[in-house]
Amino acid sequence: MPTKLLVNMRLATMCEGNPYGLLEDHAVGIDDGHIGFVGPESEVPSSWNDAAREDLGGRLVTPALIDCHTHIVFGGNRAREFEMRLEGAGYEEIARAGGGIVSTMSATREASEDALVEAALPRLDAMIAEGVATIEIKSGYGLSIEHELKMLRAARRLGEMRPVRVVTSWLAAHALPPEFKGRADDYISEVVLPGMTQAKADGLADAVDGFCEGIAFSPEQIERVFEHARKLGLPVKLHAEQLSILGGAALAAQHQAMSADHLEYLDADGVDAMAKHGTVAVLLPGAFYTLRETQAPPVQLLRDAGVPIAIATDCNPGSSPLASLLLTMNMACTLFRMTPEEALAGVTRNAARALGIGRQAGTIEEGKAAELAIWNVTEPAELAYRIGFNPLHQRIFGDLV
Ligand code: DI6
Ligand code: FE
């Protein structure tokens, strides 16, 4: 049933072809939560005559935003660690001394599922207020089967409490909990793999992620995680080359990963492997900024190789306490020299692809979900340009607003 017809707007479909997939004088029809019509205002079929007509006053309309890499479910915060870094301590140094991810682990284990939901809601609401309609949420701070599953149940509940699509990732291979010190392989065998089986059986995991890094897991250990995911039919992705180069991105690409994320230290071989396998590069300028990283990801190499680039907040209590996808877009332009068009594609079309939902979301096309953001701006570049200003007029999520 045609429910709504949007008219009088500038439409950035984000379909490939012309810049921003921009269309002028077009109408968008919403039918049962889906986009039922995109076409010139003068050619709207008569079947839309009864739909509620909404004049958008010349505003810009884009696909609703997609944050394809977050850790918004966690206990506590790491403001003290922020102070320590300002006093000179390094991120890896703090992690090796039992702080970092492991300190969030303790707070997350102590928190009830309800408390995790309650703590994450304001972060989720901040994202939604900026036009986000899809958010990926990872486990990774429980580091035991019980607490990792609790995190993913909290993530699923967030998706039921708010009009937003939540996509989850099993990230038990994020850090080694203290009880497994010196026994990373046992942790993989006893927690990461059986927990993944359980998460899949309970419908809690849409994908599997890992952290391939000196302070986390080796490529060989990650390979075991990927093998198990393949047996369960779960798609994979990886935190790779964030602090050093271990070849994680190429490993992920070889395992048909949907994305490899961070990538500051990615080299040409890694880029080639990603291009060959169609792996999306998810860049996370909030972590780059927070850790005062000096090596930017190889954006030009990725561009030249035709690797799709997505960007995301990486919202987490340690390396990226950032809950603004608009600010992330600005950072991607200013810090990584991406164009405003690449930044917008990075939170729409390419972010959808990084989550394996490219058929449902990420562009404005007939047949896709009616997930739109209506902005109080006219030029698409304005979305990435401002800092600390939210020009969202209205978000549409299916038949909901
Ligand atoms: N890389 C990150 O940036 C987050 N996880 C990861 O593997 C940070 C996690 C944290 O510091 O709490
Ligand atoms: Fe992350």
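This write-up is about the structure you can find in this document.

Conventions used here
Residues numbered from 1 in each chain as written. Chains lettered and ligands numbered in written order. Predicted model: local features only at pLDDT ≥ 70, side-chain atom pairs only at ≥ 80, totals over all residues. Heavy atoms only, no water. Helix = DSSP H or I, 4+ residues; strand = E, 2+ residues; numbered from the N terminus. Rg over C-alpha atoms; globule rule 2.2 N^0.38 Å. Buried < 20%, exposed > 50% of the residue type's maximum accessible area, 1.4 Å probe, protein only. Areas by Shrake-Rupley, 256 points an atom, 1.4 Å probe, with all protein chains shown as cover. Lys, Arg positive; Asp, Glu negative; His and termini not counted. Charge placed at Lys NZ, Arg CZ, Asp CG, Glu CD. 1 Å grid on protein atoms, 1.4 Å probe; cavity = no way out; pocket = protein on both sides within 12 Å on 5 of 7 lines; lining within 4 Å. Points joined across faces, edges and corners; volume = space filled by probe spheres on them. Nonpolar A, V, L, I, M, F, W, Y, C, P; charged D, E, K, R; others polar. Phe/Tyr/Trp six-rings, centres within 6.5 Å; stacked < 30°, edge-to-face > 60°. Lys NZ or Arg CZ within 6 Å of the ring centre and 35° of its normal. Salt bridge = Lys/Arg side-chain N within 4 Å of Asp/Glu carboxyl O. Polar contact = N/O pair within 3.5 Å; in protein donor to acceptor, adjacent residues only side chain to side chain. Contact = heavy atoms within 4.5 Å. Axes fitted to C-alpha atoms, helices over the stretch in contact; angles between N-to-C directions. Parallel < 35°, antiparallel > 145°, perpendicular 65-115°, else oblique. Left-handed = near helix turned anticlockwise from the far one by under 90°. Core = buried A, V, L, I, M, F, W, Y, C linked by side-chain atoms within 4.5 Å.

1. Things to note about the overall build of the chain
Right, on to step 1. What the chain contains, in helices and strands, is 15 helices and 15 strands.
Right, on to step 2. Taken against the 2.2 N^0.38 rule, which gives 21 Å for 401 residues, the C-alpha radius of gyration of the chain at 21 Å falls within 12% of a compact globule.
Right, on to step 3. Here the C-alpha coordinates of the chain stretch approximately 70 × 40 × 40 Å along the principal axes.
Right, on to step 4. Expressed as a percentage of the 401 residues in the chain, the buried residues total 60%.
Right, on to step 5. Of the roughly 15300 Å² that the chain leaves accessible, carbon and sulfur atoms contribute 50%.
Right, on to step 6. Side-chain charges of the chain comprise 34 positive and 54 negative groups, with the mean position of each set lying 3 Å from the other.

2. Description of empty space enclosed by the protein
Over the atoms, a rolling probe the size of a water molecule traces out where space has been left empty.
Right, on to step 1. Inspection of the entire model under this criterion finds two cavities of 30 Å³ or more.
Right, on to step 2. A volume near 90 Å³ is recorded for the largest cavity.
Right, on to step 3. In terms of lining residues, the largest cavity is bounded by 13 residues, among which Y91, I101, H174, N316 and S319 are the most central.
Right, on to step 4. For the lining of the largest cavity, the class distribution of residues is four nonpolar, seven polar and two charged.

3. Observations regarding the packing of aromatic side chains
Right, on to step 1. Here the structure, examined in full by the defined rule, presents five aromatic pairs.
Right, on to step 2. With a centroid separation of 5.4 Å and an interplanar angle of 65 degrees, the aromatic rings of F180 and Y187 are classed as edge-to-face.
Right, on to step 3. Residue classification places Y187 among the buried residues on the basis of a relative accessible area of 0%.
Right, on to step 4. Here Y187 and F217 contribute two aromatic rings whose centre-to-centre distance is 6.0 Å and whose plane-to-plane angle is 15 degrees, an arrangement assigned as stacked. With Y187 in helix α6 (residues 184-201) and F217 in the loop between β9 (207-210) and α7 (219-232), the pair connects residues that are 30 residues apart, well separated along the chain.
Right, on to step 5. A residue is classified by how much of its surface remains accessible, and F217, at 0% relative accessible area, is buried.
Right, on to step 6. One aromatic cluster in this structure is built from F180, Y187 and F217.
Right, on to step 7. Note that R123 overlies the ring of F74, its terminal NZ or CZ placed 3.7 Å from the centroid.

4. Topic: the side chain of E241
Right, on to step 1. Summarising the element assignment, E241 is placed in the loop between β10 (237-240) and α8 (248-254).
Right, on to step 2. For E241, which is buried and forms no salt bridge, the nearest opposite charge comes from R96, at a distance of 14 Å.
Right, on to step 3. Polar contacts involving the side chain of E241 include one to the main-chain amide nitrogen of G248, which spans 3.0 Å.
Right, on to step 4. Ignoring any residue separated from it by four or fewer positions in sequence, one finds E241 in contact with C212, E213, L246, G247, G248, A249, A250, L263, E264, Y265 and L266.

5. Some remarks on the packing of α6 against α7
Right, on to step 1. One can describe the packing of α6 onto α7 by two numbers: an axis separation of 10 Å at closest approach and a directional angle of 20 degrees. Overall, the two elements α6 and α7 adopt an arrangement that is roughly parallel. Read as a crossing pair, α6 and α7 show a hand that is right-handed. On α7, the residues touching A184, D185, I188, S189, V192, L193, M196, T197 and K200 of α6 are Q221, R224, V225, H228, A229 and L232.
Right, on to step 2. Residues belonging to the contact of α6 with α7 are distributed by class as follows: eight nonpolar, four polar and three charged.

6. Examining the nonpolar core
Across soluble globular proteins, nonpolar side chains show a tendency to be buried alongside one another.
Right, on to step 1. The biggest cluster of nonpolar side chains holds 103 residues, and the ones touching the most others in it are I72, V73, W170 and L283.
Right, on to step 2. With eight residues, α6 is the single largest residue contributor to this core.

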